[in-house]
Amino acid sequence: MKQLKGRDLLGIADLSPAEIKGLLQLAKQLKTGQLTCHTNKTLGLLFYKASTRTRVSFSVAMYQLGGQVIDLNPSVTQVGRGEPIEDTARVLDRYLDILAIRTFKPEDLQTFTEYAQIPIINALTDLEHPCQILADLLTIEECFGSLAGKTLTYVGDGNNVAHSLLLGCALMEMNIRIATPPDYQPDNSIVQQAKEIAQDSAEIVITNDAIAAVKGAEVVYTDVWASMGQEDLASTRIPIFQPYQVNQKLLSHADKDAIVLHCLPAHRGEEITAQVIEGKQSRVWDQAENRMHAQKALLAALLGCIE
Ligand code: CP
Ligand code: NVA
């Protein structure tokens, strides 16, 4: 884990398979109390979009490590009034030790890394959500004991979460199937990147057939049909996405011991039914809890405070 000190996390593929395994191991040790890490460093949270889980789990993780957190909400800082990223990054670099950013364009995160030396963490962009996928992998490993060879099916919009799942599963040699409506497939460059990572070690399927995709899967995953910033499109998408709802009927095609994951927030009656999210196969609350454990491991590794 020493090699992670001082690094940025912009996409899940910034981490090697060994580094992801190391972070998951560290997360489990921190979760069970087998290991403690301590820091007196300061984390900044610069979020241009709403967040409950990421904001709170990062904050609690940092407090539990002994550090401090500063919420840099754009409505109360100059970034919200248009101060350039280049200037903001150079100034925050002088005060903070690590900075998690939630924003729209992935290029803006890149600019932050060019103008700040401190580790920059992608807390979600329109392209990726790597911190979510670390928690997802932790949850799957806890449920099944291993990752390689398992099949995860994502049903819904080919969005930021789908992108990070594609890359994260490929890195961990998990089979991944993505079922979306025809015009909502994941970004082709991400699919190609995932295929290059997986080579022959995992199956990657991009399809419009939700039932075929779910067949025999051990993990069934979904996310909202309209992400943050796409709220205007939400009502027109409902009929298009209806065949991709994770309901009991679709789930019946999965492995009998399959688990259901959702990054949350969820819209019951749209991408997932209340019966499924509240049902016995749902692991969404463990998954949400694991955001904190996975991010605590990430903070400890990037800050280099593992004893
Ligand atoms: N899953 C997730 O990132 O949730 P928040 O938007 O609440 O942070
Ligand atoms: N795809 C969703 C994920 C929210 C955690 C969004 O970007 O809004």
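Since this is a predicted model, take the numbers as computed values, not measurements.

Engineer: For this particular structure, what's the right way to read the overall build of the chain?
Structural biologist: A count of helices and strands for the chain gives twelve helices and nine strands. Rg of the C-alpha trace for the chain: 19 Å, near the compact-globule value of 19 Å for 307 residues, within the 12% margin. Viewed in the frame of its principal axes, the chain has a C-alpha envelope of about 55 × 45 × 35 Å. Buried residues in the chain amount to 56% of all 307 residues. Counting every atom, the chain has about 12,800 Å² of accessible surface; 49% of that belongs to carbon and sulfur.

Engineer: When you look at the pairing of strand β7 (residues 204-207) in this model, what are you seeing that I'm missing?
Structural biologist: Across a regular strand the side chains alternate sides, sitting on one face of the sheet and then on the other. Relative to β7, strand β6 (residues 175-179) is paired through four bridges, and the arrangement is parallel. Its bridge partner lying in β7, A179 is registered against T207. Taken together, β6, helix α7 (residues 188-198) and β7 form a β-α-β motif whose crossover is right-handed.

Engineer: Explanation requested: the packing of helix α1 (residues 17-32) against helix α12 (residues 284-303) in the structure shown.
Structural biologist: For any two helices packed against each other, one specifies the inter-axial angle together with the distance between the axes. Relative orientation of the contacting elements α1 and α12 amounts to 115°, with a least axis distance of 8 Å. One finds that α1 runs roughly perpendicular with respect to α12. Seen along the crossing, α1 lies across α12 with a hand that is right-handed. Contact with α1, carried on its side by L23, L26, A27, L30 and K31, involves E289, N290, H293, A294, K296, A297, L298, A300 and A301 of α12 and no other residues of that element. Broken down by class, the residue content of the contact of α1 with α12 amounts to nine nonpolar, two polar and three charged.

Engineer: Help me understand helix α5 (residues 130-144) in this model?
Structural biologist: What sets the pattern is the α-helix's 3.6 residues per turn: residues three or four places apart point alike. Its 15 residues give α5 an end-to-end C-alpha distance of 21 Å, which sits within 8% of 21 Å, the value for a rise of 1.5 Å per residue. Judged by how many residues are buried, α5 sits mostly within the fold: twelve of 15 residues are covered. Turning to α5, its buried residues number three or more, namely P130, C131, Q132, I133, L134, A135, D136, L137, L138, T139, I140 and E141.

Engineer: Honestly, the side chain of E128 in this entry has me stumped. Any pointers?
Structural biologist: Within the fold, E128 resides in the loop between β4 (120-122) and α5. No salt bridge forms around the buried E128; measuring N to O, its nearest opposite-charge neighbour R291 is 12 Å away. Within the local environment of E128, its side chain forms a polar contact with the side chain of S164, the two groups lying 2.6 Å apart. With sequence-adjacent residues up to four places away left out, E128 is seen in contact with L10, G11, I12, N122, N160, H163, S164 and L167.

Calculation rules
Residues numbered from 1 in each chain as written. Chains lettered and ligands numbered in written order. Predicted model: local features only at pLDDT ≥ 70, side-chain atom pairs only at ≥ 80, totals over all residues. Heavy atoms only, no water. Helix = DSSP H or I, 4+ residues; strand = E, 2+ residues; numbered from the N terminus. Rg over C-alpha atoms; globule rule 2.2 N^0.38 Å. Buried < 20%, exposed > 50% of the residue type's maximum accessible area, 1.4 Å probe, protein only. Areas by Shrake-Rupley, 256 points an atom, 1.4 Å probe, with all protein chains shown as cover. Pairing = 2+ DSSP bridges. Right-handed = clockwise from strand over helix to strand, strands pointing away. Axes fitted to C-alpha atoms, helices over the stretch in contact; angles between N-to-C directions. Parallel < 35°, antiparallel > 145°, perpendicular 65-115°, else oblique. Left-handed = near helix turned anticlockwise from the far one by under 90°. Contact = heavy atoms within 4.5 Å. Nonpolar A, V, L, I, M, F, W, Y, C, P; charged D, E, K, R; others polar. Expected span 1.5 Å × (residues − 1). Lys, Arg positive; Asp, Glu negative; His and termini not counted. Salt bridge = Lys/Arg side-chain N within 4 Å of Asp/Glu carboxyl O. Polar contact = N/O pair within 3.5 Å; in protein donor to acceptor, adjacent residues only side chain to side chain.

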